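# Observations on chain architecture
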Amino acid sequence: MIDVRPFSSLGGANHGWLDAKHHFSFASYYDPDRMGWGALRVWNDDTIAADSGFPPHPHADMEIITYVREGAITHEDNQGNRGRTEAGDVQVMSAGTGIRHSEYNLESEATRIFQIWIIPNARGGKPSWGSKPFPKDDRSGRFVTLASGIEGDSDALPIRTDARVLGANLKAGETVEYTLGGRRHAYLVPAKGKVEVNGVALAARDGAAIAEVETIRVTAVEDAEVVLVDAA
């Protein structure tokens, strides 16, 4: 089963400094049919204006993965962490018992991100944050695991949930496959370009909720950058 959520159908709001689109119910956008997908709870497509951002605010008991599509995001929290994550790279925050953080676009151009929230396996735990570069050449023609709570994914940023976040860059005509398994949930969004997922067409920033599929087969109709979450 592949349920396509066209970008034009997403909820959201434009706050001037922030143009936010929500694949699932979030903030003022509510849709009872889009409350999450397995353990995946939030997938926000955010455009943040230059010299603006999210002032300090709290989180708890959530795994928050930020995939930077364009520009850069600068993170600072009350645990003493501070870092700048650039386009193509990923940052992860395990909120645990509670963390207060800010995220700003300190660049001279707009920053565009996917922010992904996944429910952790258990409540609590010490809050943590980390960031890692993932050169796009390493993802050429294949999926690379960016963040994971699955045993054996030692090169990925750790998260405290039974899930993976993966990325792939494809040239037009290239195909990549991912074994999902029939009992898991996947959500796939092309950050750029048009693709076909098991023969179903997706444009840039469309979402595809996938379940009861053993193997996901992604073919690039044009040069594409793809992000995929595999969750319980």
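Above this text you will find the structure in question.
This report concerns the structure included in the present document. Small disclaimer: the values here were computed from a predicted structure and weren't measured.

Rules of the game
Think of each chain on its own: its residues are numbered from 1, step by step along the sequence as written. Totals for whole chains, interfaces and linings use all residues, but because this is a predicted model, local features are given only for residues with pLDDT of at least 70 and pairs of side-chain atoms are given and counted only at 80 or more. The basis for every side-chain value is the complete set of heavy atoms in the structure, and neither hydrogens nor water enter the calculation. Any two strands are treated as partners once DSSP identifies two or more bridges connecting them. The numbering of helices and of strands both runs from the N terminus, where a helix is a DSSP run of H or I of at least 4 residues and a strand a run of E of at least 2. Take a side-chain nitrogen of Lys or Arg and a carboxyl oxygen of Asp or Glu: if they are within 4 Å of each other, that pair is a salt bridge. Partly exposed residues are those whose accessible area sits between 20% and 50% of the maximum for their type, while under 20% is buried and over 50% is exposed, using a 1.4 Å probe and protein chains only. To get an axis, fit a line to the C-alpha atoms, keeping to the stretch in contact for a helix; angles then go from 0 to 180 degrees between the N-to-C directions. Any pair of Phe, Tyr and Trp rings, taking the six-membered ring for Trp, is counted once the centres come within 6.5 Å. Such a pair is stacked with planes under 30 degrees apart, edge-to-face with planes over 60 apart, and tilted for the rest. Lysine NZ or arginine CZ positioned within 6 Å of the ring centre and within 35 degrees of the ring normal marks a charge as sitting over the ring. Only buried residues count toward a nonpolar core, which is a set of Ala, Val, Leu, Ile, Met, Phe, Trp, Tyr and Cys residues joined through side-chain atoms within 4.5 Å.

### Topic: the pairing of strand 2 (residues 11-14)
Inspection of the sheet shows strand 2 paired to strand 3 (residues 18-22) by four bridges, in the antiparallel sense. The partner of Gly 11 across the bridge, within strand 3, is His 22. Counting the residues in the hairpin turn of strand 2 and strand 3 gives three residues, including Gly 16, whose phi is positive at 90°.

### Notes on the pattern of salt bridges
Within this structure, the stated rule accounts for twelve salt bridges. For Arg 184, the salt bridge is made with Asp 162, and the minimal N-O distance between the two is 3.1 Å. Pair noted here: Arg 184 is in the loop between strand 16 (175-179) and strand 17 (185-192) and Asp 162 is in the loop between strand 14 (157-158) and strand 15 (163-170), with a separation of 22 residues, a long-range link. Among the residues examined, Arg 184 registers a relative accessible area of 18% and is labelled buried.

### Concerning the sheet that holds strand 10 (residues 99-105)
A sheet is described by the order of its strands in space; here four strands give the open sequence 5-10-7-8, paired in antiparallel fashion. Looking at the sheet topology across the chains shown, the edges are occupied by strand 5 (52-59) and strand 8 (82-86). When the angles between neighbouring strand axes are averaged without regard to direction, this sheet yields 20°.

### Quick word on the sheet that holds strand 6 (residues 63-70)
Sheet architecture is open: seven strands sit in the order 2-3-4-11-6-9-12, paired in antiparallel fashion. Edge strands, defined here as strands with exactly one partner in the open sheet, are strand 2 and strand 12 (128-132). Within this sheet the neighbouring strands show an average axis-to-axis angle of 15°, counted without direction. Summarising the sheet, strand 9 (residues 90-94) and strand 12 pair through five bridges and their orientation is antiparallel. What sits directly across from Ser 94, in strand 12, is Ser 128.

### So, the packing of aromatic side chains
If you walk through the whole model with that rule in mind, you get seven aromatic pairs. On the basis of an interplanar angle of 25° and a centroid distance of 6.3 Å, the ring pair of Tyr 67 and Phe 114 is categorised as stacked. Of this pair, Tyr 67 sits in strand 6 while Phe 114 is found in strand 11 (residues 111-118), placing the two residues 47 residues apart along the sequence. Phe 114 carries the same exposure label as Tyr 67, and that label is buried. Through pairs of rings, three or more aromatic residues link up here, namely Phe 24, Trp 43, Tyr 67, Phe 114 and Tyr 187. One residue, Arg 5, lies across the ring of Trp 37, its end atom 5.9 Å from the ring centre.

### Here we look at the nonpolar core
The biggest cluster of nonpolar side chains holds 28 residues, and the ones touching the most others in it are Trp 43, Ile 65, Ile 116 and Ile 118. Counting residues in each nonpolar core, the second largest holds 21 residues, with Phe 143, Leu 166, Ile 210 and Val 218 among its members.

Worth remembering: the numbers are spatial, not functional.
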